[in-house]
Structures are given as structure tokens and as C-alpha cells.
Amino acid sequence: MRLLQSITRAALPALLLLLPCAASGQAQEHLKLADGTVLKGNATGYDDAMKVVSFTTTDGRDLLLRIDELDQQSAYMLAKSRVDKTSATDELRMANFARDIGLYAHAARHYRTALKLDPSMKADIEKEEAKNRSMAAVWAMAQAKEAADKGDLPTAERYLQAIVQKMADTPEAAQAAKYLDEYYTKNREARDDHVEAADT
């Protein structure tokens, strides 16, 4: 785990706060990291550009944590608890945060909420949604290939179907469709060979 300690607010370029600064006396929060470590303190912000969360511990350390250092669900729930659910801007930032930590389905829900709250943001939201689908498709394709390499073809098929059905505008969708066609063709040929063998 790499923690950048003793970082001042001034050292954070273009810090876009998703989480409002912790007020004096605010109840401490718990943030779980990917390696199982639990930090106590308060999350104070999220930098969209750097993909880092700033966190002040109870012993006074100011930390910058890369999103790949965080436990996904812990980070998501902490951030979600701070979102103004009446703010389309907050929902959009929350969607981007969920996307960046790999929670693509959660991100999609926040994008839909943001659009309902402020339809005038449609262009910006659709741009970010496209990024979400693209990242989700890359991830799902990797999962499909991993499952196929292990011989778990049903799981690989489910991932490929999800890409085709839910991420149709991505390059991975065409690739997934090709893999599915090949898979179904082999299955049909195998069934035909089995039937022919049974008839002889």
C-alpha cells in the first residue's frame, strides 16, 4: 500500500470535492482499504483528475489514497453517504467516482438519477455514461476470457451476452458477438455429431 502522507490542501491540484470537508466534532468514519486495513477519520475530498481520495486520520495525518488502494464497497458507501440527493452535480460526481472504482452498475444508476434531476446536463452525462460503458465492456471482456481459460464456458457466455446487450456501442460488443457466434456454432456441431453417432 502506498500512502502519500502529510500532504497539505494547497498541494492538491484542482481538487474537486465530492465529499464536503469534515466539520469540527463530526463523527469519525471508517474507510477500509483493499488490503484489509481500516482507517479511522474523515474523508475530505475526491480528485477526479488524479483519481485519489483525501482522508484525514484521527491522529492528524492527511493521506491521499489511490482508488485502487480502496475497498470498493467501503469507499462507495462512504462517498454515497455524503451526496446531496437533490443535486444533479453531486450525483454526476458520485457516478464518476463509482465508475472509477469499478462499480459500473452503481455508476449507471447515478447517471440516470443525475439526468432526472437536471435534464439540461444531458450532453455531459451521456459523455460520462459512454466512458462507463466502455470501461465496463473492457472489464467484462477480461472476465469472460478468464472464465473461458478456466473452462467455465457458461460464465464466459454470461459476460459476453451482457456486453452485447448492455454495451452495444463499444468495440468489445462486436468482438463478444463474434465469440458467441463461434461458441454457439461449435455447440450446434457437437450436438449434430452426437445425434449422428446415436443414429448409427
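Quick look at the structure, then. (Residues numbered from 1 in each chain as written. Predicted model: local features only at pLDDT ≥ 70, side-chain atom pairs only at ≥ 80, totals over all residues. Heavy atoms only, no water.)

What about the side chain of Asn132?
Here comes step 1: Considering the arrangement of structural elements, one finds Asn132 in helix α4 (residues 122-149).
Here comes step 2: When neighbours within four sequence positions are excluded, Asn132 is seen to be in contact with Arg99, Tyr104, Ala107, Ala108 and Tyr111. (Helix = DSSP H or I, 4+ residues; strand = E, 2+ residues; numbered from the N terminus. Contact = heavy atoms within 4.5 Å.)

A closer look at the pairing of strand β2 (residues 38-47)
Here comes step 1: Of all 10 residues in β2, 8 are buried; the element is thus mostly enclosed.
Here comes step 2: When strand β1 (residues 29-32) meets β2, the two strands line up antiparallel, connected through 4 bridges. Note on β2: the bridge partner recorded for His30 is Lys40.
Here comes step 3: Sheet topology note: the β2/strand β3 (residues 52-57) ladder contains 6 bridges and is antiparallel. Note on β3: the bridge partner recorded for Asp47 is Val52. (Buried < 20%, exposed > 50% of the residue type's maximum accessible area, 1.4 Å probe, protein only. Pairing = 2+ DSSP bridges.)

With respect to the pattern of salt bridges
Here comes step 1: In this structure the tally under the stated criterion is 10 salt bridges.
Here comes step 2: As a salt-bridge pair, Glu69 and Arg66 come within 3.8 Å of each other at their nearest N and O atoms.
Here comes step 3: Given the relative accessible area of 27%, Arg66 is considered partly exposed.
Here comes step 4: Here Glu128 ties to Lys131 by a salt bridge, and the two come within 3.8 Å at their closest N and O atoms. One end of the pair is Glu128 and the other is Lys131, both in helix α4 and 3 residues apart, which spans about a single turn. (Salt bridge = Lys/Arg side-chain N within 4 Å of Asp/Glu carboxyl O.)

Examining a positive patch on the surface
Here comes step 1: On the surface, Lys80, Lys85, Arg109, Arg112 and Lys116 cluster together into a positively charged patch.
Here comes step 2: Inspection of the secondary structure puts Lys116 in helix α3 (residues 104-117).
Here comes step 3: Given the relative accessible area of 74%, Lys116 is considered exposed. (Patch = residues over 30% accessible without salt bridge, like charges linked within 9 Å, V, L, I, M, F, W, Y side chains within 5 Å. Areas by Shrake-Rupley, 256 points an atom, 1.4 Å probe, with all protein chains shown as cover. Lys, Arg positive; Asp, Glu negative; His and termini not counted. Charge placed at Lys NZ, Arg CZ, Asp CG, Glu CD.)

As for the sheet that holds β2
Here comes step 1: With antiparallel pairing, the 4 strands of this open sheet are ordered in space as β1-β2-β3-β4. Each edge of the open sheet is held by one strand with a lone partner, namely β1 and β4 (62-66). Each adjacent strand pair in this sheet contributes to an overall mean axis angle of 50°, direction not counted.
Here comes step 2: For β3 and β4, the ladder comprises 5 bridges, and the chain directions are antiparallel. Within β4, the position partnered with Val53 by the bridge is Leu65.
Here comes step 3: Helix α1 (residues 72-81) contacts β1, β2 and β3 of the sheet and is inclined by roughly 150° relative to β1. (Axes fitted to C-alpha atoms, helices over the stretch in contact; angles between N-to-C directions.)

All quantities given are derived from atomic positions and should not be read as evidence of function.
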